[in-house]
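Each chain, letter by letter, is given below.
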Amino acid sequence: AITRNATGIVNAAGGGISNQYTGSVSLNTAMALGTGGLTVAPSVQNSNRWVSLNGNLSGTGGLTLNATGLNTVVLAGTNSFSGPIHIQSGYLNNNSAGAIPTGVAATLNGNWGLNYDVILSTLSGSGTFFRGNGSSVLTVGHGDASSSCAGTISTNATQLISLTKIGAGNFTSTANNTNFSGTTT
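Residues numbered from 1 in each chain as written. Predicted model: local features only at pLDDT ≥ 70, side-chain atom pairs only at ≥ 80, totals over all residues. Heavy atoms only, no water.

### Quick word on the overall build of the chain
- Within the chain, the regular secondary structure consists of 0 helices and 22 strands.
- Taken over 185 residues, the chain has a buried fraction of 45%.
- Long-range contacts, defined here as pairs at least 24 residues apart, represent 38% of the contacts in the chain between residues at least 6 apart.
- Surface summary for the chain: the accessible area is close to 8300 Å², and the carbon and sulfur share equals 49%. (Helix = DSSP H or I, 4+ residues; strand = E, 2+ residues; numbered from the N terminus. Buried < 20%, exposed > 50% of the residue type's maximum accessible area, 1.4 Å probe, protein only. Contact = heavy atoms within 4.5 Å. Areas by Shrake-Rupley, 256 points an atom, 1.4 Å probe, with all protein chains shown as cover.)

Here it is as structure tokens:
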């Protein structure tokens, strides 16, 4: 494993992180996401490589995850960035209560392991949510936003995900999801 600790804040405005190493990489550094945001792309098909972002991410930029195969990006820390999250491929695990800032927009075309509650403004894409080890409450509609998602919720009978819609906007799930708890309207 490679661990990188740095003092100060790393500015990321259109930059990227790619793990070519055969093990995991942990970045324990605060980053300010600017225009263009940050792209994290652990690569090499079916290598199960991990990139862990443990420092606090702030700024107006977003985060794009483009991992191949079984590769995973772990998001931890207490993050306050306001740009969107794009999960293009691979896996995202949110491993702290503050990993996903409240009210960000998310596009899910990969896989997202929900380990803590998440409150999103909008949700789109056709990827898969699965329950991680922690709480699994997915809330959509923050700021009265409306959105539509074709993604699926992959769970089993003892690991349901609670899906909650808040605000005045509308949320439409176009997938045939039955693996969540709560009421639907």
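### With respect to the environment of T68
- Tracing the chain through its elements places T68 in the loop between strand 9 (63-66) and strand 10 (72-75).
- Of the residues examined, T68 reaches a relative accessible area of 28% and is grouped as partly exposed.
- Spatially, the C-alpha atoms of T68 and G110 are 9.6 Å apart, while their sequence positions differ by 42 residues.

### Examining the packing of aromatic side chains
- Taken as a whole, this structure holds 2 aromatic pairs when the rule is applied.
- Judged by centre distance (6.0 Å) and plane angle (70°), the ring pair of Y91 and F130 falls under edge-to-face. Taken together, the residues Y91 in strand 12 (residues 91-94) and F130 in strand 16 (residues 128-131) connect sequence positions 39 residues apart.
- Taking relative accessible area as the criterion, Y91 reaches 24% and is therefore assigned partly exposed. (Phe/Tyr/Trp six-rings, centres within 6.5 Å; stacked < 30°, edge-to-face > 60°.)

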